[in-house]
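Structural features, examined
Letter by letter, the chains look like this.
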Amino acid sequence: MRTVLKNIEGFYIINIDHSENLFVYHENGRSNDREKTKDIEITGTGDKLIVGLEKTMQLNAKVTTASGENNEVTWASEDEGVAIVNQNGLVTSVNMGTTNITATTWDGVVKKYEVVVQEPQISLNKSFVKMRVNEKFTLKPVLTYDDGKDYTGYKWDEVLFISRDESVVRVTKSGDDKCILKAAGRGNTVVDVTMKIGTRSYEMSCEVNVKGPYLNCSRCYLYIGNTQKVKVLDKKGTLKWST
């Protein structure tokens, strides 16, 4: 079997030897031998799902021939409006949707890898918190999408926590995906949370109610003649003791 292919630089004459899985071709007068592809396997660094825009996923191709393996493929995206890919297999999300990333060998064998770019569904673990003075609470964003899994701990590009009234609640950031709220005084306030994924920002808030004053213990057990010191927390103004 002989095939003549024309490209920009000239003619390729390809002789195919099926018995030995070998392509013997003449490129502008030079003779080269290359083995035919038996199979291609594509693997990714994570799930096929990309959440958010301008996020990346690394794909790798393993090409199997009669004598071994290599990774020589040409990468392409079927819809560059959804995701693009460079020739190292690095996929970058562009817009929401689904597309196939293709890996093509030199002899025309194609393998497809589906990529889904999805808008994240983001919420907070609590939208309303009741606290007492000096109490602490961990506030964190929760990421979910269609598979129903909880992706708490997802690596956000940026997370910002701000208390509207630090005399009521103070914010201490703890890690990349959560913060510690500490009740500072009686009152009501709101903690605003801004998260950035790719080029998009998501804003939400948590209402906080802080009660006070109160005692450091709600019940005391005493023997006759014994004493115990009771401390008032969140003391504001004059207090009147009574039994």
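Look up a bit, the structure's there.
Here's what I pulled together on the structure shown here. (Residues numbered from 1 in each chain as written. Predicted model: local features only at pLDDT ≥ 70, side-chain atom pairs only at ≥ 80, totals over all residues. Heavy atoms only, no water.)

To continue, consider the sheet that holds strand 21 (residues 187-197). Within the open sheet, the 4 strands sit side by side as 15-22-21-18. Their pairing is mixed. Of all the strands in the sheet, just strand 15 (128-132) and strand 18 (158-163) have a single pairing partner and so form its edges. If you compare each strand with its neighbour and ignore which way they point, the axes differ by 25 degrees on average. As defined by bridge partners, strand 21 adjoins strand 22 (residues 200-211) across 11 bridges and the pair is classed as antiparallel. The partner of Val191 across the bridge, within strand 22, is Cys206. (Pairing = 2+ DSSP bridges. Helix = DSSP H or I, 4+ residues; strand = E, 2+ residues; numbered from the N terminus. Axes fitted to C-alpha atoms, helices over the stretch in contact; angles between N-to-C directions.)

A few words now on the pairing of strand 12 (residues 97-104). As paired strands, strand 9 (residues 74-77) and strand 12 are joined by 4 bridges and run antiparallel to one another. Within the sheet, the bridge partner assigned to Ser77 lies in strand 12 and is Ile101.

The phi angle of most residues is negative, glycine excepted, and most peptide bonds adopt the trans form. Within the chain, Asn134 stands out as a residue other than glycine whose phi angle is a positive 80 degrees. Examined against the element boundaries, Asn134 turns out to sit in the loop between strand 15 and strand 16 (136-139).

Before going further, it helps to spend a moment on the pattern of salt bridges. Evaluation of the coordinates by the stated rule reveals 3 salt bridges. For Glu41, the salt bridge identified is with Lys62, shortest N-O distance 3.4 Å. Residue Glu41 is located in strand 5 (residues 39-44), and its partner Lys62 is located in strand 7 (residues 56-64); the two are separated by 21 residues in the primary sequence. Between Lys112 and Glu78 there is a salt bridge whose closest N-O contact spans 3.1 Å. Placement of Lys112 in strand 13 (residues 110-118) and of Glu78 in the loop between strand 9 and strand 10 (83-85) is noted, with a sequence separation of 34 residues between them. (Salt bridge = Lys/Arg side-chain N within 4 Å of Asp/Glu carboxyl O.)

Counting 27 residues, the largest nonpolar core has Ile122, Leu139, Leu181, Val193, Val208 and Val210 as the members making the most contacts within it. Only strand 6 (49-51), strand 14 (121-124), strand 15, strand 18, strand 20 (179-183), strand 21 and strand 22 provide two or more residues apiece to this core. At 5 residues, the largest contribution of residues to this core is made by strand 22. Contact partners of Leu139, with chain neighbours within four places excluded, come to Leu124, Asn125, Lys126, Phe161, Lys178, Cys179, Leu181, Val191, Val193 and Cys206. (Core = buried A, V, L, I, M, F, W, Y, C linked by side-chain atoms within 4.5 Å. Buried < 20%, exposed > 50% of the residue type's maximum accessible area, 1.4 Å probe, protein only. Contact = heavy atoms within 4.5 Å.)

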